[in-house]
Structures are given as structure tokens and as C-alpha cells.
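Residues per chain, in single letters:
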Amino acid sequence: MSALLDVQALEAFYGRTKALHGVSFSMAEGGITTILGANGAGKTTTLRAISRMVKTTGRIRFEGQPLERRATEDVVQLGIAHAPEGRGTFVHLTVEENLRLGAWGRRERGGLKDDFDRVFGYFPVLRERRRQAAGTLSGGEQQMLAVARALMLRPRLLLLDEPSLGLAPLVVREIFRILKTINQTGVSILLVEQNAALALDLADHVFLLETGRVVMEGPSDVLRRDDAIRRAYLGY
Amino acid sequence: MDIFVQQVVSGLATGGIYASLALALVMIYQATDVVNFAQGELAMFATYICWSLINAGLPYWAAFLSTLGIAFVGGVVIERLVIRPVENAPILTIVMVTLGLLVICNSIAGWIWTYVQKPFPSPFPERPFKFDNIVFGAHDLGEIQVTLLVLLCIYLFFRFTPLGLAMRAAAHNPVSSRLVGIRVGCMLALGWGLAAVFGAVAGMMVAPVLTLEPNLMGGVQIYAFAAATLGGFTSPGGAVLGGFIVGVVENLVGTYVSFIGTELKFTVALAMIIVVLLVRPTGLFGTTVVKRV
């Protein structure tokens, strides 16, 4: 099992403030990995480091290729799709235009229609709203759009930042169900999530981040039974 | 009544010029939050290039199209060489850079072509058109057609092509654009290129009326500012409409309000800017942009 993504001694900086203090982890191809942690632990920063949106030192390899010197737009071209915190929707543009933009960074230009059919199959509501400005969608629909837009890249790896944030439990359950389906089509997922119970259900591997360091890792069914995790993140 | 219709049509003609330049201003403003004070001077410079090409023996439309090409490349190069290095500087720095660009363009044009006014040819027939008793200048009508054609092309480009979509995305949301793989820097450079093209169209259309000299666009740029302010600096369509409104109002006020005449017409544009800023600062079609700082 070779690593799809391998991160070693990653440090990240916002100006002079250090946000990550040597994060190391690697994830296997085909799985769902989740990063758990409290506010400010560095979860979002880890994703931003992979997408080259923040200054870092250390090593990041994707399929053996170094990412450190690439620009954000070049990372995308390797097949890493990032649905960022706050969803990154182009609110002025229509749903369809948002999805078209999602396919901008990929190498093969053809087959756009198949991709539309596929994401509309996952999220039928987006088909109904395709001519609507994305800013007029509900929060749940915008999150679906963010995932759908990321899928338009035909990614190898999907980076998801808090897909459950601010959404009704029913909507969240629906989105997580679809994430599972997407993963089964061969897309690896790296998920950052505050809702630990949900994340542990979905993921097969877990990293626990505390103040910019990985403090614990393992398969999710093992960590779910860990007392410390249960008390701190699951609340029972 | 005849005079009224005539004045409205000729107002639409000059309004089209303001609209083109206002559109150029708005495009750059939307993408970079900067008002390009040099927009008019770049247009003037392009018009001189067209004049030189015609003098070198090129037919009018060949010179016109070549100038558009040169203006595009010039716009891209200026963005790369002059604006790119100060991209992340405070707004005021970038404004100063565009003001510097204004002065430089103006002086270089004066140095190369002197400050003597030069006649600039119109591609349209000399003879005016007559409908009943109403007389329309052929250049006015041609000008309106050219402007509308350019606006139509640019609308189709932004609305229906992938590149146009990517440019809109890059202007509205650079961070998300990078995340889908758009090279935002390239899009900004393309935007400067296109803006320079609109400016060049405006310059070449207004030069036969005003005659060519290095200060050709000074007044036009003020009207374009008025147009963009009126329509809204955040709305390309609004800026275009604003251009036509300013053109018509300027002409009608000059005709019917006796004490204004031609000398005080300029004041009308400035008064419009102030009134709009007082009453509706976002312009007719602009939206308030909320930014997290």
C-alpha cells in the first residue's frame, strides 16, 4: 500500500505566527481519512498547506511528487480538489457556471456532459437550480454545490473542510451518505470535521490534531473506543 | 422636436464613446479594485498608433484592427511590467502608479507626435443622412454602430465562452478561482488587454470629432468616470448605460439650458458625479460590496 499523500514535518506560517508545528501523516489511496481537532488546532491550515494557500516548510508529496514549490492552480491540475471552509462558491455565477469552472483545472477537456449527469445524479436539486445564481441557494445546497464543483475536476483526492458546518442534521446525513458513494468510485477523501461522531462514522482512518501537532492516529473504529477521544470529542 | 431628436442621436454617439471607456474602467476596477486613471491616455496613445499606420499607407479598417491588436498586447504588457510588481501594495500606491502612467503616456505622445492638433479620418461617409427634416451626421450613426458591435462582442465573450467565464470568476473571487485551477494573474493581464482595446475603440471614434492631440481623452475620461459612477463601478452593464445617459444629458443640457452652452458642459459631468455620490453612492445598478478586512 503506497501512500497517496505523504506529509512530513509540516510547519505553516501566517505572517510570523506558526500554525502548524511539524505535522506528519500519510494517507493511503482509496480511503477516507479525517483530521479531528478543536478550534485552532490547525485542521484547516493543513488543508490550506496541501493546496499551497499558506507558507510552509517541510515536505508534502502527492503520488511521490513534491507539492511545496507549486502554486495553488498547479496543485489542482494534479487532481487535488479542495472544497474550502466557507464553501468557496462563486455567488454571482449560476450553479451551472460554478460547475463548469470546477472542470477548468483538469487536463482532459471532453466529457463535460457526463460529469454534469454524474453530479446531478448525486445532487438532483442542483439540476433544478442550474440556472440560478449560486448565492441564492440554501446553505445545504451550496455545500452540495461545493462538493459537486470539486468532483467536476475528476479528482484523485478530495479535500473537504467542514462540510457539515451550519447545516441541518438531515442535510448533513444526506451529504455524508453521498461522500461515501463518491469514495466508492475511487476518489480518496481527506476530511476536516468538527463533528467527530459523523467523521468517525465515515472515515476509515483518523488523525487527531492538537495545537498544530498530530497527537494520535489510528483506524477510526479503534479511536472511537478510546476513552480520551470519547470524552473530549464525542461527549459521552 | 427635430432638434431634440438630432441632439439625442448625437448624444448617443458620444455616449457610446463614454460607454466604451467606462466599461474599460469598470472591468479593471472589478478585477483589481483600482481605478485606472491612465485608461484614457492609453486610448489616446493607441489612437496615435492608428494615425501612424494610416499615414504609413494602411487602409482605415486594416489600421483600425491592427491598432486593436497592438492595444491588447500593450495592455497585457503594461499589466505584467508596471502593475504586477505593485499588485499587493496598498490601493493608494497602485493609484499613484496609474497616475504616473497617465503622465508618462501623455508626455511620450507629445514627444513623438508633438502637441499640434492632427486631423483624424472618419471611416464613415461625409454626407449626412436625412430622414424628413432631421439630419444625422454619418459619423454619429457609424460611431453608434461600432460601439454597439463592440459591446455585443464583449457581452457574448463574457457570457458564453469558457475564458470569459474564467475571467469573471477571477475578478469576483480570486481565492476560489485559484482553487479550481484558474491562473488569476493571467486573467488580470487579459483584462487589462481587453480594457485597452475598448479604450482604443473609444479613442479612434472620438478623434475625428475632437481632432487628435495628446490631451484628446482628458475630457472623455471625466465623462467616462461620470458614466461609471452613474451606472455603478460594480456593474459593467450599468456603466455602459451610464455612458449613453451621460452623453445624451450632456448634449441636451448644452442645447436647451442657454447659460450652460458648450463652455460649461463639462461641469454637468462633474455635477452628475457629485449628485450620484450623494444620493446613491453605488450608482444605479451597482451593489454594495461587503469585504472582510
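Structure's up top.
A few points on the structure. (Residues numbered from 1 in each chain as written. Chains lettered and ligands numbered in written order. Predicted model: local features only at pLDDT ≥ 70, side-chain atom pairs only at ≥ 80, totals over all residues.)

### What about the overall build of chain B?
Along the backbone of chain B there are 11 helices and 2 strands. Reading the secondary structure of chain B in the N-to-C direction produces α-α-α-α-β-β-α-α-α-α-α-α-α. The C-alpha atoms of chain B give 19 Å as radius of gyration, which agrees with the globular expectation for 293 residues (19 Å, within 12%). C-alpha atoms of chain B, sized along the principal axes, occupy 60 × 50 × 35 Å. When each of the 293 residues of chain B is scored for burial, the buried share is 44%. Expressed as a percentage of contacts within chain B between residues at least 6 apart in sequence, the contacts between residues at least 24 apart total 72%. (Helix = DSSP H or I, 4+ residues; strand = E, 2+ residues; numbered from the N terminus. Rg over C-alpha atoms; globule rule 2.2 N^0.38 Å. Buried ≥ 20, exposed ≤ 12 C-beta atoms within 10 Å, placed from the backbone. Contact = placed C-beta atoms within 7 Å.)

### Let's talk about helix α2 (residues 39-55) of chain B
All names here are of chain B. Over its 17 residues, α2 runs 25 Å from end to end, which matches the ideal 24 Å to within 8%, given 1.5 Å per residue. Taken across its 17 residues, α2 has 13 buried, putting it largely inside the fold. Phi for Gly57, located one or two positions after α2, is positive at around 110°. (Expected span 1.5 Å × (residues − 1).)

### Overview of the interface of chain A and chain B
Interface size is commonly expressed as the accessible surface area that is lost when the partners come together. Listed as interface residues are 17 residues of chain A and, on the opposing side, 15 residues of chain B. When residues of the side of chain A that touches chain B are traced back to their parent elements, those giving at least two are α2 (72-77) and α3 (95-102) of chain A.

### Structural notes on the sheet that holds strand β2 (residues 17-28) of chain A
Residues and elements named next belong to chain A. What the 4 strands build is an open sheet, ordered β2-β1-β4-β5; its pairing is antiparallel. The strands lining the two open edges of the sheet, one partner per strand, are β2 and β5 (65-66). Pairing of strand β1 (residues 3-14) with strand β4 (residues 55-62), which is carried by 7 bridges, proceeds in the antiparallel orientation. Bridge assignment links Leu5 to a residue of β4, and that residue is Phe62. On the sheet, helix α1 (residues 43-50) packs against β1, β2 and β4 and is oriented at approximately 70° with respect to β2. (Pairing = 2+ DSSP bridges. Axes fitted to C-alpha atoms, helices over the stretch in contact; angles between N-to-C directions.)

### What about the sheet that holds strand β8 (residues 188-192) of chain A?
All names here are of chain A. Reading across from one edge, β6-β7-β8-β3-β9-β10 is the order of the 6 strands in this open sheet, with mixed pairing throughout. Both edges of this open sheet fall to β6 (80-83) and β10 (213-219), since each of them pairs with a single strand only. Neighbouring strand axes in the sheet, compared pairwise and without regard to direction, differ in orientation by 15° on average. Sheet topology places strand β9 (residues 205-210) next to β10; 6 bridges connect them, and they run antiparallel. Pairing of Phe207 across the sheet is with Glu217, part of β10.

### Concerning helix α3 (residues 60-83) of chain B
Residue and element names in this part refer to chain B. Under the 1.5 Å per step criterion, the end-to-end length of α3 is 32 Å for 24 residues, consistent within 8% with the ideal 34 Å. Among the residues of α3, those classed as buried are Ala63, Thr67, Ala71, Gly74, Gly75, Ile78, Glu79 and Ile83. Looking at the buried positions of α3, the neighbouring elements they touch are α2, α4 (91-113) and α8 (184-210).

### Things to note about the environment of Thr94 of chain A
Residues and elements named next belong to chain A. Assignment of secondary structure puts Thr94 in the loop between β6 and α3. In the structure, Thr94 is positioned 22 residues away from Thr72 in sequence and 24 Å away in space, judged by C-alpha atoms. The residues contacting Thr94, other than those within four sequence positions of it, are Arg130, Arg131, Gln132, Ala133 and Ala134.

### A closer look at the environment of Gly140 of chain A
Residue and element names in this part refer to chain A. Looking at where Gly140 falls in the secondary structure, it is placed in helix α6 (residues 139-151). According to the C-beta neighbour criterion, Gly140 is partly exposed, with 19 such atoms within 10 Å. Between the C-alpha atoms of Gly140 and Thr17, which are 123 residues apart in sequence, the distance is 33 Å. Setting aside chain neighbours within four positions, we find Gly140 in contact with Leu167, Ala168 and Val171.

### Focus: the environment of Leu93 of chain A
All names here are of chain A. Tracing the backbone shows Leu93 in the loop between β6 and α3. Residue classification places Leu93 among the buried positions, given that 20 C-beta atoms sit within 10 Å. Linking Leu93 and Arg131, residues 38 residues apart in sequence, is a C-alpha distance of 9.0 Å.

Shape descriptors only; they carry no functional weight alone.
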